[in-house]
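Chain by chain, the residues run as shown.
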Amino acid sequence: MNQEKTVSEAIHFRRSVRVYDAEKKIDTLIVKKCIEQASLAPNSSNMQLWEFYHITSKDVIAQIAPFCFNQNTARKAQQLVVFVTRKDLWKQRAKANLAFIDQNFGANKPKSEQSKREKVARNYYGKLIPFTYADFLGIFGLLKFIFFSIVGIFRPIYRQVRNSDMRIVAHKTCGLAAQTFMLSMAAAGYDTCPMEGSDTLRVKKLLGLPFGAEINMIVSCGIRKPEGVYGERFRIPFEEVYKQV
């Protein structure tokens, strides 16, 4: 492998690659390291409501490719990484954060001995997160939305409290992990292509994912062939999308 690229170099190197070179193999351990770096991506409330499925089996890739509508980038991939949201694990993730607080501040301390920072953290994961994520058939979420909307008339307030809102939050943060992964791969000289076009239900069944899990995107991996990059990169002129306030 060449020397690892800088962040700027990796950003410019990264392209969505549709055709990979079958003769040039990629190192599974390097891909795994890039997935580990993806797990360090920023995410809402540090809840880490994601899972990463690293597909190295050629047989499984061959089964997944038709579910990605036989796109070249899926059929010719050496490996795949499936990014999965797990909003359904919010209770476990909140408990994990509380256990981390115990580890750092000490467990079972009376409130009188807790620092302001510790009290805020314990209240956040012990009360606010359950209030935000808890729902029942959308009813509680709707009531929260109405309440927060009324309060929001008088002061700024967080408004993403419905089940559908928290689902979007989970997908946004999983997308940050996917982008971190692709840039990490680019820094290592490897290529990727994110695929949103897939039969996510069939992919879920193939991977044995539970009902509450959702496919965020599938990223194919390999080393590009020249024809694997479809032309020059096109972007809307920066001046049209950049707004300084």
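The shown structure was predicted, so the numbers you read here are calculated from the model rather than taken from an experiment.

Moving on: the packing of aromatic side chains. Following the criterion strictly, the structure yields 9 aromatic pairs and no others. When the ring of Phe83 is compared with that of Phe181, the centres are 5.7 Å apart and the planes differ by 55 degrees; the resulting orientation is tilted. Here Phe181 lies in helix α8 (residues 163-187) and Phe83 lies in strand β2 (residues 79-85), a separation of 98 residues in the sequence. Summarising the burial analysis for this pair, Phe83 and Phe181 share the class buried. On the basis of an interplanar angle of 70 degrees and a centroid distance of 5.7 Å, the ring pair of Phe147 and Phe148 is categorised as edge-to-face. Taken together through their ring pairs, the aromatic side chains of Trp50, Phe52, Phe83 and Phe181 make up a single cluster.

Okay, the state of the cysteines next. Under the defined criterion, the tally for this structure stands at 0 disulfides. Between Cys174, a free cysteine, and Cys221, which holds the nearest cysteine sulfur, the sulfur-to-sulfur gap is 14 Å. For Cys174, a relative accessible area of 0% puts it in the buried group. Cys221 takes part in no disulfide bond, and the closest cysteine sulfur, belonging to Cys34, lies 8.5 Å away. Taking relative accessible area as the criterion, Cys221 reaches 0% and is therefore assigned buried.

What counts and what doesn't
- Every chain is numbered on its own, with residues counted from 1 as its sequence reads.
- The predicted nature of this model means local features are confined to residues of pLDDT at least 70 and side-chain atom pairs, given and counted, to a pLDDT of 80 or more, with totals for whole chains, interfaces and linings taken over all residues.
- Computation of side-chain values: all heavy atoms of the structure, hydrogens and water removed.
- Here the aromatic set is Phe, Tyr and Trp, taking the six-membered ring for Trp, and pairing holds for ring centres within 6.5 Å; pairs whose planes are under 30 degrees apart are stacked, those over 60 apart are edge-to-face, and all others are tilted.
- Labels follow the DSSP assignment, with helices taken as runs of H or I lasting at least four residues and strands as runs of E lasting at least two, numbered in each case from the N terminus.
- Only protein chains enter the accessibility calculation, which uses a 1.4 Å probe; a residue is then buried when its area is under 20% of its type maximum, exposed when over 50%, and partly exposed in between.
- By definition, disulfides here are pairs of cysteine sulfur atoms that lie within 2.5 Å.

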